[in-house]
Amino acid sequence: MKYCFISILLLSGISLFGQNKKPIDHTVYDGWRSVGDRLISNDGNYVVYNINAQEGDGELVIQHIKTKQKKMIPRGYAAVITDDSRYAVFKIKPLYQDTRQAKIKKKSADDMPRDSLGIVTLGEDSVIKITRVRSFKTPLKAAGWLAYQMEKTLPDTSKSKSQPDSVKARIDMLTKLADSLIRRSLDSIKGNIEKEEVITAAKKAVKEIYKKADETGTVYQLDADGDNAAAGGGAEGTDLIVRNLASAAEKTFKLVSEYLFDEKATKLLIRTTKNAKDTNSKAYLLIYDLQADHIDTIMKGLNDAKNFSFDEQGKQLAFVAERDSSSKALQKFYKLWYHETGQDTATILADKNTIGMQLGSTVSENGTVIFSKDGMKIFFGVAPIQPPKDTTLVDFELAQVDVWHYNDDYLQPQQLKQLTQEQKRNYTAVIKPGATELVQLGSEDAENISLVDEGNASWVMAQSTKNNRRISQWEGRTRSTVYMVNTTDGRRKLVKASSLGFFSASPKGKFIYWYDPEQKNYFTYNTTTGDTKNITSRIKVPLYDTENDVPDLPGPVGTTGWIADDRYFLVNDEYDIWKVDPTGSEQPKNLTNGSGRYNSAQLSYIKLDREKRWINPDEKILLQSFNKLSKYASFYTVKVNEVAEPTFISGGPCSYPSVLKAKNVSAYLLQISNISESELFAGDDLGSYTKLTDLATQQKDYNWVSAELVRWKMFDGKWSEGLLFKPENFDPKKKYPIIFYFYERDADGLYNYRAPAPSASTINIPYFVSNEYLVFDPNIYYKTGEPGESAYNSVVSAAKYFSKMPWVDSTRMAIQGQSWGGYQVAYLVTRTNIFRAAGAGAPVSNMTSAYGGIRWGSGLNRQFQYEKQQSRIGATLWQRPDLYLKNSPLFNADKVTTPLLIMHNDADGSVPWYQGIEYFTALRRLGKKVWLLEYNGEDHNLVERKNRKDLSVRLGQFFDYYLKDAKPANWIKYGLPAVDKGKDWGLKVE
């Protein structure tokens with residue numbers, strides 16, 4: 001049997017290796033490296049991956065798998081390997097310090113350091129570098145070509161210095177002239193007019209106009225209203241270089257704003273802009289025939305064009321464009337355009353007057369344009385024509401008000417969050433190339449359209465939540481009505497009304513299928529006969545999450561996919577995979593022969609080809625196994641035309657965060673992790689592989705962390721499990737302070753790697769453990785209506801269990817959690833005084849006020865969260881007010897004796913900021929020891945790295961003070977007065 005690697009730190013003698021190692025401190029974060037993006041070439045010979053620092057310069061590694069020869073590209077990123085496995089193309093970031101200094105100096109956007117482009121011929125050492133490159137593209141399914149767009153050319157400042165008639169001199173002359181003219185005009189005006197104010201404003205206006213002058217003295221011509229007449233619907237384009245990678249021959253196109261290869265690299269679409277210095281210039285759409293080296297102009301004089309789409313063969317192109325209105329038009333009408341190889345120009349395929357367009361609608365500029373796979377249909381968007389803006393209305397005289405109505409589909413905050421999306425709302429329509437009539441498929445009551453068989457089918461699937469949206473406020477999910485819509489005439493056929501299922505079509509479109517959470521089974525709708533069948537009723541094991549502990553219907557475990565020609569459907573139970581007849585005729589078969597359930601191992605399909613739509617009937621598929629007891633991960637294979645125990649390949653005490661396979665051969669790139677390391681490996685199969693990286697060396701000088709699975713009995717007599725993290729130099733003869741961190745259930749992550757990093761909201765486990773804390777993360781098991789007591793049953797029982805260990809200092813225990821974990825911390829300190837300190841991030845403290853509140857990040861009301869989801873009350877506020885009061889920490893704030901550090905940020909979009917304030921002000925009034933960290937402008941979890949670093953320091957100082965008797969930092973003793981913000985952050989220890 002073959003097992004994944006096991007770090008030496010997991011072996012029994014780990015304490016011998018950590019005695020003289022230094023603890024992790026906050027300075028290590030920026031330089032700590034990890035594996036980022038990774039690729040494997042189609043021929044399986046090369047891998048390309050990033051090694052990234054958390055802050056600073058990373059590197060791109062190009063490595064031959066068998067010879068291990070490496071090419072390191074400092075600051076390389078966003079790499080692609082060409083389809084023929086011959087080249088790697090990537091961008092190169094500027095030096096981190098150069099960008100930092102430019103920001104410090106507040107340089108303009110044009111003067112900031114810019115990316116370069118890198119090209120490497122695989123197997124060769126040289127790197128072709130091109131500076132100031134904005135973007136690049138390679139064909140998706142072909143090789144040989146590269147297109148890259150340059151940044152805006154920097155001005156030649158030497159010319160302006162040498163010219164006697166400089167722009168500055170001309171501006172000064174014009175300003176003086178304007179001054180003179182304005183003064184003479186004002187002298188002739190009677191009345192009390194503030195002349196100097198008018199003169200100052202006029203001078204400023206003149207300068208604003210003439211600062212658009214370029215360094216040669218040329219001044220841009222402006223139209224009467226001050227708009228740049230030459231700009232033409234957007235920023236001026238830049239140079240595009242098209243490179244033949246084999247010959248290195250290049251062709252340059254000027255003023256390019258957008259470009260697109262077809263998949264097979266037969267054509268390159270190029271959109272250009274007007275020349276800002278030439279009022280007579282025009283914007284163009286070009287087709288560059290790459291094989292014939294020939295350029296065709298398919299449109300000129302356009303104002304805007306977008307949403308370009310080639311068919312699979314590269315012979316047809318469709319897009320939307322607008323070319324008839326002025327730049328100031330209050331209404332603009334886009335049209336669907338079409339071009340076929342051999343045509344001179346693009347032609348109009350659909351507009352607001354096309355037969356089939358509903359009255360008052362037009363082609364939408366926001367709709368996706370896509371060909372069916374066979375190229376016989378074009379799908380695009382249509383939308384109601386928006387009335388022109390009323391220019392007689394003055395903004396500052398208009399009332400600013402939101403009107404909430406009880407019959408609204410969505411609450412006003414959600415409407416406002418979705419405003420941009422709704423303004424761009426469009427409905428799918430279809431037209432055939434060369435046709436004169438379109439068919440509208442989508443509408444207000446069929447707003448979500450899914451193509452079937454990649455658009456080849458004679459119908460599409462429509463789903464609508466209309467008339468079912470209000471209940472999502474308290475149910476947290478929305479029922480859908482589903483139709484088949486004919487692409488020839490738009491006729492609808494009802495499949496299912498008002499269902500909680502999520503509907504999909506089988507690959508060839510013979511069935512529509514869904515999981516019904518109310519009946520806990522999968523159903524199919526035969527698109528030919530119209531029959532609906534329960535296809536899994538004869539499977540006697542649950543197909544849903546049996547560990548679901550929220551007061552809502554459990555979701556399905558998941559599916560594996562379809563066998564070719566829609567012959568069989570593969571669905572998962574908690575452990576195994578079943579082969580199901582979609583017609584419901586045959587008895588379902590347990591494909592993995594019950595081995596998953598027998599071994600307590602969850603088996604799941606690894607889809608190695610993301611474009612693959614179905615599984616072949618005689619195929620051997622790759623499975624990943626996760627053992628629920630040992631937490632081991634393993635690889636297996638099984639044939640889909642057999643019922644047999646899967647064949648073991650490799651596995652053991654580790655996790656597999658990612659697996660990639662080469663497209664054309666049997667070669668794999670995978671990441672393998674445990675608590676001690678997370679490295680890349682490559683091999684011809686998953687049973688034997690070669691180690692490519694050695695990032696664990698960066699922690700060799702530090703007192704690292706080990707992890708082990710611990711099981712104990714909770715107060716209710718049931719067994720629970722959690723993860724205990726110990727320092728590498730753990731000494732069972734010492735007593736350690738211990739922090740309990742928790743959320744819900746994390747024990748399955750035993751073999752996850754954990755990097756030291758500044759905290760977004762929670763304690764960083766490697767930092768605290770390296771500094772000789774113990775950290776325990778207990779699973780929490782919930783009962784409906786008792787979220788707080790469930791946390792008490794799980795967490796406090798774990799604390800009692802560890803307090804009996806000779807190596808735990810039971811007088812120095814603490815708890816910390818964020819969001820739902822923060823709520824549980826806030827609750828627990830009202831129920832027990834065994835913890836010496838506590839940290840609660842973004843806690844709900846008052847369920848009665850939170851229940852009717854808004855999640856400002858999404859605009860959703862919070863009622864569903866309490867009735868159906870994570871908060872687990874299971875009833876409305878008026879049905880069970882006692883449960884809301886009982887589970888709210890605020891109403892028992894007087895019982896708190898534990899010093900509490902709260903973090904709650906003023907832009908929190910998940911838990912209303914006032915929840916933290918309510919708890920803080922209550923505890924403050926009661927004379928409790930409480931602090932509130934509020935990071936300005938930050939959301940639920942910290943995003944800004946500077947704030948993450950600050951929180952990490954404060955968490956360390958807080959727990960060191962209470963659990964290790966360290967001297968308190970000034971912010972702990974005195975707070976941070978507003979007058980000192982920006983001068984002193986209170987982090988000093990005196």
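Refer to the structure above for everything that follows.
Presented here is a report on the structure given in the accompanying data block. (Residues numbered from 1 in each chain as written. Predicted model: local features only at pLDDT ≥ 70, side-chain atom pairs only at ≥ 80, totals over all residues. Heavy atoms only, no water.)

### Looking at the sheet that holds strand β54 (residues 930–933)
Two modes of strand pairing occur in sheets, parallel and antiparallel, and in both the strands are linked by backbone hydrogen bonds.
Thinking step 1. Taking strand neighbours across the sheet as the criterion, the 8 strands line up as β45-β46-β48-β47-β49-β50-β53-β54 in an open arrangement whose pairing is mixed. Each end of this open sheet is capped by a strand with a single partner; those strands are β45 (705–713) and β54. Neighbour-to-neighbour, the strand axes of the sheet open up by a mean angle of 20°, direction not taken into account.
Thinking step 2. Pairing between strand β53 (residues 900–903) and β54: 4 bridges, direction parallel. By the bridge assignment, M903 is partnered in β54 with L933. (Pairing = 2+ DSSP bridges. Helix = DSSP H or I, 4+ residues; strand = E, 2+ residues; numbered from the N terminus. Axes fitted to C-alpha atoms, helices over the stretch in contact; angles between N-to-C directions.)

### Considering the environment of S464
Thinking step 1. With respect to the helices and strands, the residue S464 is situated in strand β26 (residues 459–464).
Thinking step 2. Take S464: its relative accessible area is 3%, and that puts it in the buried class.
Thinking step 3. Distance from S464 to K106, taken between C-alpha atoms, is 49 Å for residues 358 residues apart in sequence.
Thinking step 4. If we ignore the near neighbours within four places in the chain, the residues touching S464 are E444, D445, A446, E447, R479, S480 and T481.
Thinking step 5. A distance of 3.3 Å separates a polar side-chain atom of S464 from the backbone oxygen of D445.
Thinking step 6. Among the polar contacts made by the side chain of S464, one reaches the main-chain amide nitrogen of K466 at a distance of 3.1 Å. (Buried < 20%, exposed > 50% of the residue type's maximum accessible area, 1.4 Å probe, protein only. Contact = heavy atoms within 4.5 Å. Polar contact = N/O pair within 3.5 Å; in protein donor to acceptor, adjacent residues only side chain to side chain.)

### Quick look at empty space enclosed by the protein
Thinking step 1. All chains considered together, the criterion is met by 2 cavities of 30 Å³ or more.
Thinking step 2. One number sums up the size of the largest cavity: a volume of about 50 Å³.
Thinking step 3. S761, Q816, G839, A840, G841, L901, M903, L933, L951 and L955 together form the lining of the largest cavity.
Thinking step 4. Looking at the lining of the largest cavity, the elements with two or more residues in it are β50 (837–841), β53 and α16 (945–964).
Thinking step 5. Take the lining of the largest cavity: its biggest share by element is 3 residues, from β50.
Thinking step 6. For the lining of the largest cavity, the residue count by class is 6 nonpolar, 4 polar and no charged.
Thinking step 7. Its volume calculated, the second largest cavity comes out at about 30 Å³.
Thinking step 8. The wall of the second largest cavity is formed by H26, Y29, S759, T762, N764, Y767, F768, S952 and L955. (1 Å grid on protein atoms, 1.4 Å probe; cavity = no way out; pocket = protein on both sides within 12 Å on 5 of 7 lines; lining within 4 Å. Points joined across faces, edges and corners; volume = space filled by probe spheres on them. Nonpolar A, V, L, I, M, F, W, Y, C, P; charged D, E, K, R; others polar.)

### Description of the packing of helix α10 (residues 787–803) against helix α11 (residues 820–828)
Thinking step 1. Here α10 crosses α11 at 85°, and the two axes come no closer than 9 Å. As summarised for this structure, α10 and α11 are arranged roughly perpendicular, according to the angle between their axes. Of the residues in α11, those in contact with P787, G788, E789, A791, Y792, V795 and V796 of α10 are W820, Y823, Q824, Y827 and L828.
Thinking step 2. Across the contact of α10 with α11, the residue classes break down as 9 nonpolar, 2 polar and 1 charged. (Parallel < 35°, antiparallel > 145°, perpendicular 65-115°, else oblique.)

### Points about the pattern of salt bridges
Opposite charge on two side chains makes pairing possible when the charged atoms of those side chains draw close.
Thinking step 1. One pass over the full model with this rule turns up 57 salt bridges.
Thinking step 2. Across the pair R425 and E422 runs a salt bridge whose closest N-O atoms are separated by 2.8 Å.
Thinking step 3. A residue is classified by how much of its surface remains accessible, and R425, at 24% relative accessible area, is partly exposed. (Salt bridge = Lys/Arg side-chain N within 4 Å of Asp/Glu carboxyl O.)

### A word on the side chain of D549
Thinking step 1. By the element assignment, D549 lies in the loop between β32 (532–534) and β33 (559–562).
Thinking step 2. Looking at D549, its side chain comes within polar contact range of the side chain of R745, at 2.7 Å.
Thinking step 3. Side-chain polar atoms of D549 contact the side chain of R872, separated by 2.8 Å.
Thinking step 4. Beyond its immediate chain neighbours, meaning those up to four positions away, D549 contacts R745, I780, Y781, Y782 and R872.

### Considering the packing of aromatic side chains
Thinking step 1. A full pass over the atoms with the stated rule returns 42 aromatic pairs.
Thinking step 2. Seen from their ring centres, Y632 and Y751 are 5.9 Å apart, and the 70° between their planes marks the pair as edge-to-face. Residue Y632 is located in the loop between β38 (620–627) and β39 (633–639), and its partner Y751 is located in the loop between β47 (736–741) and α9 (765–770); the two are separated by 119 residues in the primary sequence.
Thinking step 3. Residue classification places Y632 among the partly exposed residues on the basis of a relative accessible area of 33%.
Thinking step 4. What makes Y751 buried here is its relative accessible area of 12%. (Phe/Tyr/Trp six-rings, centres within 6.5 Å; stacked < 30°, edge-to-face > 60°.)

### Examining α16
Thinking step 1. Under the 1.5 Å per step criterion, the end-to-end length of α16 is 27 Å for 20 residues, consistent within 8% with the ideal 28 Å.
Thinking step 2. Positive backbone phi, approximately 60°, marks D965, located one or two places after α16. (Expected span 1.5 Å × (residues − 1).)

### Concerning the environment of D950
Thinking step 1. Within the secondary structure, D950 is located in helix α16.
Thinking step 2. Residue D950 is classed as buried on the basis of its relative accessible area, which comes to 14%.
Thinking step 3. Along the backbone, D950 and Q69 are 881 residues apart, and their C-alpha atoms lie at a distance of 41 Å.

### A word on α11
One turn of an α-helix holds 3.6 residues; hence residues three or four places apart share an orientation.
Thinking step 1. Of all 9 residues in α11, 9 are buried, a share of seventy percent or more.
Thinking step 2. Three or more residues of α11 are buried, namely W820, G821, G822, Y823, Q824, V825, A826, Y827 and L828.

### Let's talk about the pairing of strand β10 (residues 145–150)
Thinking step 1. Extensive coverage of β10 is indicated by the burial of 6 of its 6 residues.
Thinking step 2. Because side chains alternate across β10, one face comprises the buried residues W145, A147 and Q149, and the other comprises L146, Y148 and M150, equally buried.
Thinking step 3. In this sheet, β10 lies alongside strand β9 (residues 133–137) in antiparallel orientation, the contact comprising 4 bridges. Each residue of the ladder has a partner; that of V133, found in β10, is M150.

### Notes on the sheet that holds strand β37 (residues 601–605)
Thinking step 1. Strand order in this open sheet of 4 strands is β37-β38-β39-β40, and the pairing throughout is antiparallel. Strands with a single pairing partner mark the edges of an open sheet, and in this sheet they are β37 and β40 (647–652). For this sheet the average axis-to-axis angle between neighbouring strands, irrespective of direction, equals 25°.
Thinking step 2. Across 5 bridges, the pairing between β39 and β40 is antiparallel. Its bridge partner being in β40, S634 is matched across the sheet by G651.

### Structural notes on the pairing of β53
Thinking step 1. Side chains L900 and I902 of β53 all project onto a buried face; the interleaved residues L901 and M903 project onto the opposite face, where all are buried too.
Thinking step 2. Note: β50 against β53, 4 bridges, orientation parallel. Bridge pairing in β53 places G839 opposite L901.

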